[in-house]
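# Breakdown of the fold
For reference, the chains in residue letters:
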Amino acid sequence: MTSLKEYTEGRTTFLTADVEEHTAEKGQPTTDMPVFYNPRMRINRDLSVLFLGAYMKDHDVKLICEPLAGSGVRSLRYLNEVPGEYDALLCDVNPVAIETATKNIERYGFQDRARVLKGDAKVLLMTESRGKRFDFVDIDPFGSPVPYLNAAIQSLNPKGGLLGLTATDMPALCGVYPKVALRKYGGLSTRAPFVHELAVRLLLGRVYSIAAMNGCSIKPLAVLSTDHYIRAWIHVKTSRTESNAQADSIGTVRLCRSCLHTEISPLRDYKDSVFEHKRENCPADTTYAGPLWTGSFFDLSTLKSAMLFHNEESSAYDKRVPELLELMIEEHGLVMYPYMDIHEVCDAYNMTPPKRSDIMDGLITKGYQAKRTHFRSTAIRTDAPIDAIVSVIRNLTGG
Ligand SMILES: C[S@@+](CC[C@H](N)C(=O)[O-])C[C@H]1O[C@@H](n2cnc3c(N)ncnc32)[C@H](O)[C@@H]1O
Ligand SMILES: [Zn+2]
């Protein structure tokens, strides 16, 4: 019998295995704990609660599914913190997880609204959705969500459903293993001063290709990059016409690691353009990422609704949540320009990094747009080319 300990997240109290007994170096819980729970993923769950609440303002949600549920904390938080008349299906392959999730559901008296099933996620997504499709599927695996994507997309309501995806396989997505990214995500990763954005775009590119294969279009509503993972919330619906049109949002990113000039090219209209390096003596070879999603990944009304939902009970959420939402709202209109990490720019050009706000002011004075980004506190989004960013920094540092 596994000994369980009580934890609280948001407005929800639940039981799970004692995390301290199963924590490796750097405070990361080990995957061999009797039932997996990672307190550091709280912000992921906080935002998932808020984005489900925001999504339900405009969409009917009757049935949600978490096929990799662990202790059940995530679904329990949805049921307890997001008001609505919907039911939940929780699955896991681990019998201790099933026992724990069942206990957690019973403690809240949610037996009438929630079922807990033991089995393989892919099988259960396919079989349990045959009678009634899911309006929200939340995939929160160890590593990559890609193995579950086809079943998850096929299990969603064809009129439209919400897909939540977590990916923790950052070495593949962030350019340490570009070929692994190609194998799993259908696109090469590379190291870049906007590497976490490439990670998000590779994941969205894979979601697009699997949705498209099933005759569906996608609309990313929000993405999160923090700690050791990325997360995406995507509206998926059956529409071959929209899916065909979205082929224009698949492209490649080409980067020179010396001058940091970056070009994004749509795959469909690919032209062998001359790559315009921004300083002399750049090496001839450039690096590529993709094919990947080059379209937008924030929906302003979803972000604003999530903020309103948060403000109704702000003390329930991690204190970083309002700032993250604020930054997402700030950067949403400039996501066609990959964020630039100022420290990496300064390293490449041998400059000392000035204050981010001073660089932004300098760019705005020159007529460019400049925003902060939730991806990194040392990065900006701007429509300015790299030579303009460098010139502003040189002016500030007198270099
Ligand atoms: C990262 S944990 C889930 C954590 C949970 N969603 C949360 O927010 O706390 C991944 C879970 O997937 C389960 N799992 C792994 N492979 C599975 C499979 N093929 N089918 C169903 N569950 C699986 C593991 O037992 C583990 O509980
Ligand atoms: Zn160059």
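The structure this text deals with has already been given above.
Below is a summary of the structure that appears in this document.

By nearness alone, 21 residues border ligand 1, and Leu 68, Gly 70, Asn 94, Ala 121 and Asp 140 come closest of all. For the shell around ligand 1, the secondary structure elements donating two or more residues are α2 (73-81) and β4 (87-92). Grouping the constituent residues of the shell around ligand 1 by class yields 13 nonpolar, three polar and five charged.

Moving on, we come to the pairing of strand β6 (residues 136-139). Side chains Phe 136 and Asp 138 of β6 all project onto a buried face; the interleaved residues Val 137 and Ile 139 project onto the opposite face, where all are buried too. Two elements, strand β3 (residues 63-66) and β6, share two bridges in a ladder whose sense is parallel. Residue pairing in the sheet places Ile 64 in a bridge with Phe 136 of β6. As defined by bridge partners, β6 adjoins strand β7 (residues 161-167) across four bridges and the pair is classed as parallel. Bridge pairing links Phe 136 to Leu 162 in β7. Crossover β6 to β7 through helix α5 (residues 146-155) is right-handed.

Here the bond from Gly 290 into Pro 291 is cis, since omega is 5°, no more than 30 degrees from zero. Relative to the helices and strands, Pro 291 is located in strand β12 (residues 287-293). The backbone phi angle of Asn 281 is positive, close to 65°, even though this residue is not glycine. Position of Asn 281 relative to the elements: it lies in the loop between β11 (262-266) and β12. The class of Asn 281 is exposed, set by 7 C-beta atoms lying within 10 Å.

Assignment of secondary structure puts Ser 144 in the loop between β6 and α5. On a C-alpha basis, the gap between Ser 144 and Thr 241 in space is 29 Å, while along the polypeptide they are 97 residues apart. Sequence-distant contacts of Ser 144, defined by excluding residues within four places in its chain, comprise Ala 167, Asp 169 and Lys 184.

Our next topic: the environment of Glu 128. Secondary-structure assignment places Glu 128 in helix α4 (residues 121-128). In this structure, the C-alpha to C-alpha distance between Glu 128 and Val 236, residues 108 residues apart in sequence, is 19 Å.

To continue, consider the packing of α4 against α5. In the contact formed by α4 and α5, the axes pass within 8 Å of each other and the chain directions differ by 15°. Taken as axis vectors, α4 and α5 run roughly parallel relative to one another. As α4 packs across α5, the resulting crossing turns out to be left-handed. Every residue of α5 that contacts α4 at Ala 121, Lys 122, Leu 125 and Met 126 is listed here: Tyr 148, Ala 151, Ala 152, Gln 154 and Ser 155.

Okay, the nonpolar core next. Grouped together as the largest cluster of nonpolar side chains are 119 residues, with contacts concentrated most on Phe 51, Ala 152 and Leu 203. Per-element tally for this core: the top contributor is helix α8 (residues 195-213), with 11 residues. When sequence neighbours within four positions are dropped, the list of residues in contact with Ala 152 reads Leu 125, Val 137, Ile 139 and Leu 163.

Taken in spatial order, the three strands of this open sheet run β13-β15-β14, and their pairing is antiparallel. The two strands at the open ends of the sheet, each matched to only one other strand, are β13 (340-341) and β14 (370-372). Bridge count between β13 and strand β15 (residues 379-382): two bridges; the pairing is antiparallel. Across the sheet, residue Asp 341 finds its bridge partner in β15, namely Ala 379. Relative to β14, helix α11 (residues 321-331) is tilted by about 160°, and along the sheet it contacts β14 and β15.

Here we take up the sheet that holds β7. The strand order β5-β4-β3-β6-β7-β9-β8 describes an open sheet built from seven strands, whose pairing is mixed. Of all strands in the sheet, those with a lone pairing partner are β5 (114-118) and β8 (216-226), marking the two edges. Mean inter-strand twist for the sheet, computed between neighbouring axes without regard to direction, equals 15°. Lying on the sheet, helix α3 (residues 95-107) is in contact with β4 and β5; it crosses β5 at an angle near 170°. Here α5 sits on the sheet and contacts β3, β6, β7, β8 and β9 (229-238); the angle it forms with β6, its principal contact strand, is near 165°.

Here is what the cut-offs are and how they apply
Residues numbered from 1 in each chain as written. Chains lettered and ligands numbered in written order. Predicted model: local features only at pLDDT ≥ 70, side-chain atom pairs only at ≥ 80, totals over all residues. Near = placed C-beta within 6 Å. Helix = DSSP H or I, 4+ residues; strand = E, 2+ residues; numbered from the N terminus. Nonpolar A, V, L, I, M, F, W, Y, C, P; charged D, E, K, R; others polar. Buried ≥ 20, exposed ≤ 12 C-beta atoms within 10 Å, placed from the backbone. Pairing = 2+ DSSP bridges. Right-handed = clockwise from strand over helix to strand, strands pointing away. Contact = placed C-beta atoms within 7 Å. Axes fitted to C-alpha atoms, helices over the stretch in contact; angles between N-to-C directions. Parallel < 35°, antiparallel > 145°, perpendicular 65-115°, else oblique. Left-handed = near helix turned anticlockwise from the far one by under 90°. Core = buried A, V, L, I, M, F, W, Y, C linked by C-beta atoms within 7 Å.

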